[in-house]
Amino acid sequence: MSAPVETLRPDGTDAQALPVAMAEARILGLPASVWPRILAPLVIGVVVLALWEFAVRWNGIPSYVLPGPILVGQTLVADWGTLSGSLWVTLKITFMALAAAIVVGVTLAVLFSQSKWLEMALLPYAVILQVTPIVAIAPLIIIWANDIDLSLLICAWIVAFFPILSNTILGLNSADHNLVNLFELYGASRWQTMRYLKLPAALPYFLAGLKISGGLALIGAVVAEFVAGTGGSASGLAYRILEAGYQLKIPRVFAALVMISLSGIAIFLATSLVSYLLLHRWHESAIRREN
Amino acid sequence: MDTAYLSTPPGKESAGTPLVAVRHVSKRFANGTLAVRDVDLELGAGQFISLLGPSGCGKSTLLRMIAGLGAPSSGTITWPGETGEAQGSAGHGARDLGFVFQDPTLMPWASALANVMLPLKLKGVARAEAEARAAEMLALVGLKGFETSYPRELSGGMKMRVSIARALVMRPKILLMDEPFAALDEITRHRLNDDLLALWERERFTAVFVTHSVFESVYLSQRIVVMAARPGRVMADLSVDAAYPRDELFRTSGEYARLCRVASTKLKEAIGR
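Sequence order as written defines the numbering, with residues in each chain counted from 1. Lettering of chains starts at A and numbering of ligands starts at 1, both following the order in which they are written. With the structure being a predicted model, the display of local features is reserved for residues of pLDDT at least 70 and the display and counting of side-chain atom pairs for 80 or more, all residues being used for whole-chain, interface and lining totals.

**Re the overall build of chain A**
Reasoning step 1: A helix here means a DSSP run of H or I that spans at least four residues, while a strand means a run of E at least two residues long, and both kinds are numbered starting from the N terminus. A tally of helices and strands in chain A yields 10 helices and 2 strands.
Reasoning step 2: Exposed residues have 12 or fewer other C-beta atoms within 10 Å of their own C-beta, buried residues have 20 or more, and partly exposed residues fall in between, where C-beta atoms are placed from the backbone. In chain A, buried positions account for 34% of the 291 residues.
Reasoning step 3: Once C-beta atoms are placed from the backbone, any two residues with those atoms within 7 Å are in contact. Counting only contacts in chain A whose residues sit at least 6 apart along the sequence, the fraction spanning at least 24 positions is 74%.

**Some points on the overall build of chain B**
Reasoning step 1: Summing up its helical and strand segments, chain B has 9 helices and 9 strands in all.
Reasoning step 2: Of all 273 residues assigned to chain B, the portion counted as buried reaches 46%.
Reasoning step 3: Put simply, of all contacts in chain B between residues at least 6 apart along the chain, 72% involve residues at least 24 apart.

**Topic: the nonpolar core**
Reasoning step 1: A set of buried Ala, Val, Leu, Ile, Met, Phe, Trp, Tyr and Cys residues, joined through C-beta atoms within 7 Å, is what we mean by a nonpolar core. Formed by 150 residues in total, the largest nonpolar core has its most connected members in Ala156(A) and Ala165(B).
Reasoning step 2: No other element matches helix H8 (residues 190-228) of chain A, which puts 18 residues into this core.
Reasoning step 3: Sequence-distant contacts of Ala165(B), defined by excluding residues within four places in its chain, comprise Val116(B), Met137(B), Leu138(B), Leu140(B), Val141(B) and Leu143(B).

**Topic: the sheet that holds strand E8 (residues 223-228) of chain B**
Residues and elements named next belong to chain B.
Reasoning step 1: Two strands pair under a simple rule: DSSP has to find at least two bridges between them. Strand order in the open sheet formed by 6 strands is E5-E6-E7-E3-E8-E9, with mixed pairing between adjacent strands. Taken across any chain shown, the strands that pair with only one partner, and hence form the sheet edges, are strand E5 (97-100) and strand E9 (233-239). In this sheet, neighbouring strand axes are inclined to one another by 15 degrees on average, regardless of whether the strands run parallel or antiparallel.
Reasoning step 2: All axes are obtained by fitting lines to C-alpha atoms, using only the stretch in contact for helices, and the reported angles, taken between N-to-C directions, cover 0 to 180 degrees. This element, helix H5 (residues 156-168), spans E5 and strand E6 (174-178) of the sheet and lies at about 165 degrees to E5.

**Comments concerning the pairing of E5(B)**
If a strand is regular, its side chains alternate between the two faces of the sheet.
Residues and elements named next belong to chain B.
Reasoning step 1: Residue alternation in E5 divides its side chains into two sets, Leu97 and Phe99 and Gly98 and Val100, and both sets are buried.
Reasoning step 2: Across 4 bridges, the pairing between E5 and E6 is parallel. Following the sheet pairing, Phe99 is matched in E6 by Leu176.

**Looking at helix H3 (residues 112-122) of chain B**
Reasoning step 1: Summarising burial for H3(B): 9 of the 11 residues are buried, a large majority.
Reasoning step 2: What H3(B) keeps buried is the set Ala112(B), Leu113(B), Asn115(B), Val116(B), Met117(B), Leu118(B), Pro119(B), Leu120(B) and Leu122(B).
Reasoning step 3: Check the buried side of H3(B) and you find it contacts H8 of chain A together with helix H4 (127-140) and H5 of chain B.
Reasoning step 4: Following H3(B) by one or two positions, Gly124(B) has its phi on the positive side, about 80 degrees.

**What about the packing of helix H3 (residues 80-114) of chain A against helix H10 (residues 250-279) of chain A?**
Residues and elements named next belong to chain A.
Reasoning step 1: In the contact formed by H3 and H10, the axes pass within 11 Å of each other and the chain directions differ by 40 degrees. Of the possible angle classes, the one that applies to H3 and H10 is oblique. The two elements H3 and H10 cross, and the hand of that crossing is right-handed. For the pair formed by H3 and H10, the contact residues are Leu83, Leu87 and Leu91 on the first element and Ala255, Ala256, Met259 and Ser263 on the second.
Reasoning step 2: A breakdown of the residues in the contact of H3 with H10 according to their chemical character gives 6 nonpolar, 1 polar and no charged. Each angle receives one of four descriptions, namely roughly parallel if under 35 degrees, roughly antiparallel if over 145, roughly perpendicular if within 65 to 115, and oblique otherwise. Throughout, a crossing is termed right-handed when the near helix is turned clockwise from the far one, and left-handed when it is turned anticlockwise from it by less than a right angle. Amino acid classes used here: Ala, Val, Leu, Ile, Met, Phe, Trp, Tyr, Cys and Pro are nonpolar; Asp, Glu, Lys and Arg are charged; the rest, including Gly, are polar.

**What about the sheet that holds strand E1 (residues 18-28) of chain B?**
Residues and elements named next belong to chain B.
Reasoning step 1: Spatial ordering of the open sheet is given by E2-E1-E4, a layout of 3 strands whose pairing is antiparallel. The open sheet has two edge strands with one neighbour each: strand E2 (34-44) and strand E4 (74-78). Here the average twist between neighbouring strands, direction ignored, is 15 degrees.
Reasoning step 2: Pairing of E1 with E4 involves 4 bridges; the strand directions are antiparallel. Across the sheet, Ser26 pairs through a bridge with Ser74, a residue of E4.
Reasoning step 3: Running at roughly 125 degrees to E1, helix H1 (residues 59-67) makes contact with E1, E2 and E4 of the sheet.

**Some thoughts on the packing of helix H9 (residues 237-246) of chain A against H10(A)**
Residues and elements named next belong to chain A.
Reasoning step 1: Viewed as axis vectors pointing N to C, H9 and H10 meet at an angle of 160 degrees, and their least axial separation amounts to 8 Å. Judged by the inter-axis angle, H9 sits roughly antiparallel to H10. Crossing hand, H9 versus H10: left-handed. For the pair H9 and H10, the contacting residues are Leu237, Arg240, Ile241, Ala244 and Gly245 in the first and Arg252, Val253, Ala256, Met259 and Ile260 in the second.

**A word on the confidence of the model for chain B**
All names here are of chain B.
Reasoning step 1: A score between 0 and 100, pLDDT records how confident the predictor is in each residue. On average, residues of chain B carry a pLDDT of 85, and 89% of them reach 70 or more.
Reasoning step 2: The element-level mean pLDDT for chain B is lowest in helix H2 (residues 84-88), coming to 49, with H3 highest at 95.
Reasoning step 3: This model gives residues 86-93 a pLDDT under 50, and the stretch forms 12 contacts once residues within four places in sequence are excluded.
Reasoning step 4: Interface predicted TM-score (ipTM) for the complex: 0.86; the corresponding pTM is 0.83.

**Some thoughts on the pairing of E2(B)**
Reasoning step 1: Relative to E2(B), E1(B) runs antiparallel, the two sharing 7 bridges. The partner of Val20(B) across the bridge, within E2(B), is Leu43(B).

**Considerations on the environment of Leu242(A)**
Reasoning step 1: Take Leu242(A): it is sitting in helix H9.
Reasoning step 2: Between the C-alpha atoms of Leu242(A) and Phe226(A), which are 16 residues apart in sequence, the distance is 7.5 Å.

**As for unusual backbone geometry**
Reasoning step 1: In this structure, the amide linkage connecting Arg230(B) to the following residue, Pro231(B), adopts the cis form with an omega of -10 degrees.
Reasoning step 2: You can see Pro231(B) is positioned in the loop between E8 and E9.
Reasoning step 3: The omega angle of the peptide bond from Tyr244(B) to Pro245(B) is -5 degrees, so this bond is cis rather than trans.
Reasoning step 4: Mapping Pro245(B) onto the fold places it in the loop between E9 and helix H8 (248-251).
Reasoning step 5: Backbone geometry places Leu248(A), a non-glycine residue, at a positive phi of 55 degrees.
Reasoning step 6: When you line up the elements, Leu248(A) lands in the loop between H9 and H10.
Reasoning step 7: You can call Leu248(A) exposed: it has 12 C-beta atoms within 10 Å.
Reasoning step 8: The phi torsion at Asp38(B) lies on the positive side, around 45 degrees, for a residue other than glycine.

This is the structure:
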C-alpha cells in the first residue's frame, strides 16, 4: 500500500574516508616506535650517573659534600624503613590535597559558570590565594590551624587548586556555541546543559589542569613541611631532609630527594594515563597523525 | 502502489493555513546593523523552500529567528496551527522543529548513535526506545554500521548525515537547514542533495533550506525566496514547477538549466548588478 522504504546507499564516496588501522611491528609487546622514547632518556641517565660516580671517586670528594649515586642507592636501601614511612606521610598529604583541589576547583568552576556575579565577586580572591607565596603564609596557617597535618593539607591545597579552577572555568566556557543553541532549541534544562554539554566539553581542560596540580600538590606538601620544620610532629620526607642535613647525613638527603622526584614522576604518569584513557577516543590532543 | 503523489509537488494541496507565518519581521543587532528588514513570509506545511541570497543578506538570521534563536526586533513569527500555550514559550523547546547548522556541530565525545539520541535524551525518552529510534534514523540517512563511530572517524559528508539524522530523530514538522552542505565537495553535495530529497519525499516535513547556490536551490526546492543584502530583505518569491522525484536526469535537463537561468537573473536583479 505505502511506498517502499527508501534505502539510501550506505557505502558512498564519503564512506571510504575511514582511517585505516596500520599494523606496526612490536618488540616485547610494545610498538617499535615507542622504544626510542624509553631508551633515549634511559641511556642519558645511565651515562650521567656513571660520570657522576666517576667524578666523585676520581676527585676523592667526601660523601658529606657530594655522595656518589651508588652510595645514594645503598642509603636508599639501608634507610628504607624510615624513609618509606616518611614517603607515605608526604604522599598522603599530597593526595588528600589533590582530592580537595579537584572537589573545590570543579565545584567553584561550575558555580562560576552558573553565575557571572559569583565569578566576578570571588575569582579575584582565588587569584590572590594563588599569587601569594605559600612559604610566606604557611607560618600563619600553621598557627591558625593548630594541627600540623591539617595546616600542611591546607598549604598543599592552596598551591594545587588554582590550575584546576582556572582550566575548568575556561573549559566550561569553551562549549561549541552552536551546540549551546541546539540544547536551547530542545528546551534543555540548566542541569542537562551542564551534564551533557559543558562538563564533557570542559574535560580536556580539567585534565590539563589536573596534570599541573598533581605536581604542585606534591611541591606544596613538601614546602609546607619545610616551613613547619622540625618543630612539628610531622615526619614527612622534607622533615627527613632537614634532619639529615643537620646531622650532615648527605647521602640520606639525596635518597629522600630521589624519592620525592620519583613520586612526582609517578604522579605525572598517573595523571597522563587518566587523561589518555578519558580522551583517546575523541580528543584531538590524543590522536596520532601520519604527517 | 501509490507512487502518484511523487509526481505532484507536495505542499501545493495544503495551501490553507501556513505552518509558520512571518509578519513584518525586522532584526537590528546591538551594533546597529539592520540584518533583516520587513520580511513577510508564509511557510506552507510540507513545502520545500529555499532562502537564496548573497552572504550578509540575513537569510541565516531569519532562519534562526524562525527556530526561536533570537527574537525579532519588530514583527511577529507565529505558528498558526499550534495551541495557545506553545505560542507563549517561543524558542524554548516548545517548537516541533529540527535544525541543521553549517557545521555538523556534533559532540566529539559521543558516538554517532549517542549524538543522534541527544534530542530524545533531552526530552526524557527512555534509553532503549531512544537507542532504537536513533539507530533507525541513522540507517535512514545511510549510516547503518557506523553507530559506534566517533565524529572524528567520519568524513565531512558522513558527519553532516549524522547531523541531519539528529535533526530528524524527533520527526519534526519542520526542518531548518543553514547552508548545511556549503563546506562539502561537489560530489558529496550532490549525493546529500539526492538523499535529502528522498528523505523529504518519505517523511513530508516542511523544509527550509538556506543556500547561496542557485543550482542547489533550484534542484531541491518548490519555492525559492530570493533575498538581498544591506539591509536583508526579500526581493522575489519564485516557484519551481518541476515534478519530483528529481534525480540525475533532472540535473542535466534543459528544464533545469532554464530554471537556473531564471533564478540566476532574479538573484542578479536582487543584488543589483
